[in-house]
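# Fold and geometry: a report
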Amino acid sequence: MVRKVFVVLVLVLFAQATAARGQEWARKMFKTSSHDFGSVAHGAKTEFRFKLTNLYVEDVHIADVRSSCGCTTASKGPELLKTYEDGYILATFNTKNHQGHKSATLTVTIDKPFVAEVQLQVSGFIRTDVELDPSGIQFGTVEAGSAADQMLTVTARTGREWHISAIRSSSQFIEAEAVETNRQLGDVKYEMRVRLLPGMPGGYFRERLIVVAGDSTTTEFPIEVEGRVQTPLTATSLLFMGVVKPATTTHKPLIVQGKQPFRITAIHCDDDCFTCECPQTAERLHKLQVTFKAPAAPGKRKAKLHITTDLKAEPTLDVPIAVNVVAPEPADAAAE
């Protein structure tokens, strides 16, 4: 009887170890499996993207993602990833409806090419003594070379001595200052003016302000800052063609947009492996297709796509292009 129990236990442990090895191919696609939001203000916009890349020959399909705690909402980016295509799992910390230290496990279910589950961990501390209104700074679309500013209210309910001592910015083109507007027993309020300075590069930006504050104990909390700078001629700041197989052909869309209809007169690239046809019509938005013919030899390649237009203001645009040529491995080999 004891021997039978021992044999069963060995078989169970062997099955668990085999299953763990079988899941490893899926875990390898994620760049990280955990994230700490740190200390965040009540109501603050707080998100993190777990990035993943399909490293295999077969297509990968993300069937589902679920969270173990209502403090975190989980959602997925593209469900189907071709070889070397990128995706993400978005974790949103629910700072309006929860408080204190919170943690959650996000379970990602993959059903193709094999069934597997990957668990991602998130944690953070949602403060009840500091509140933001609104949840972050949204500049929207701003003309290139123009300045813009937005207001945000910081309310602290920590005691008489609480004050903001410094604000650090992740960008030289974003600055902020806070002015105290109210101080009562246990209630301190600051109005924060956040400025977008001329010179911010064109395209979408997402930056962060770190507020240093406290009384006898100094703490920090982040404020997200987002927006888009509209230039006379815009395109993707960096066109990443992905990680591709040797001796294959890959296509990627490229949108070039202006404030008014314009004609593209010429397109050329520093590297002959990249090509792009020149449209013949005048449009305000041009949908181009960049083609990369990968060589047989693996390696990273970088180039610039030079686009010439008939616009008087900013008639040319240079778009950096990058690609990585690598031979993939089958998912079943990684799962062995």
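You'll find the structure just up there.
Reference entry: report on the structure contained in this document. Nothing here was measured: the structure is a model prediction, and the numbers come from that model.

Overall, mixed pairing links the four strands, which are arranged E17-E23-E22-E19 in an open sheet. The sheet terminates laterally at strand E17 (239-244) and strand E19 (264-269), the two strands that pair on one side only. For this sheet, the mean angle separating the axes of adjacent strands, direction not counted, is 15°.

To continue, consider the sheet that holds strand E2 (residues 47-53). Here we have three strands laid out as an open sheet, ordered E2-E6-E4, and antiparallel in their pairing. Of all the strands in the sheet, the pair left with one neighbour each is E2 and strand E4 (72-76). Looking at each pair of strands side by side, their axes are set apart by 20° on average, direction ignored. By the bridge criterion, five bridges tie E4 to strand E6 (residues 86-93) in an arrangement that is antiparallel.

Pairing of E19 with strand E22 (residues 299-309) involves five bridges; the strand directions are antiparallel. Among the inter-strand pairings, histidine 268 is bridged to a residue of E22, identified as histidine 306. As defined by bridge partners, E22 adjoins strand E23 (residues 316-325) across ten bridges and the pair is classed as antiparallel. Across the sheet, the residue bridging to lysine 304 is proline 320, located in E23.

Okay, the packing of aromatic side chains next. Taken as a whole and judged by the stated rule, the model has seven aromatic pairs. Here phenylalanine 48 and phenylalanine 50 contribute two aromatic rings whose centre-to-centre distance is 4.9 Å and whose plane-to-plane angle is 85°, an arrangement assigned as edge-to-face. On the accessibility criterion, phenylalanine 50 (0% relative accessible area) is buried. With a centroid separation of 4.7 Å and 35° between ring planes, the pair formed by phenylalanine 274 and phenylalanine 292 is classed as tilted.

Here is what the cut-offs are and how they apply
- Residue numbers here run from 1 along each chain, matching the order of that chain's written sequence.
- Selection of residues for local features in this predicted model requires a pLDDT of at least 70, selection of side-chain atom pairs for listing and counting requires 80 or more, and totals for whole chains, interfaces and linings are taken over all residues.
- Working from all heavy atoms in the structure, the side-chain values ignore hydrogens and water.
- Paired strands, in this sense, are two strands between which DSSP finds at least two bridges.
- For helices the rule is a DSSP run of H or I covering at least 4 residues; for strands it is a run of E covering at least 2, with both sets numbered from the N terminus onward.
- Interaxial angle, 0 to 180 degrees, is taken between N-to-C directions of lines fitted to C-alpha atoms, where a helix line uses only the stretch in contact.
- Pairs were defined over the aromatic rings of Phe, Tyr and Trp, the Trp ring being its six-membered one, requiring ring centres within 6.5 Å. Orientation was assigned from the angle between planes: stacked under 30 degrees, edge-to-face over 60, tilted for the rest.
- Whether a residue is buried, partly exposed or exposed follows from its accessible area with a 1.4 Å probe, protein chains only, as a fraction of its type maximum: under 20%, in between, or over 50%, in that order.

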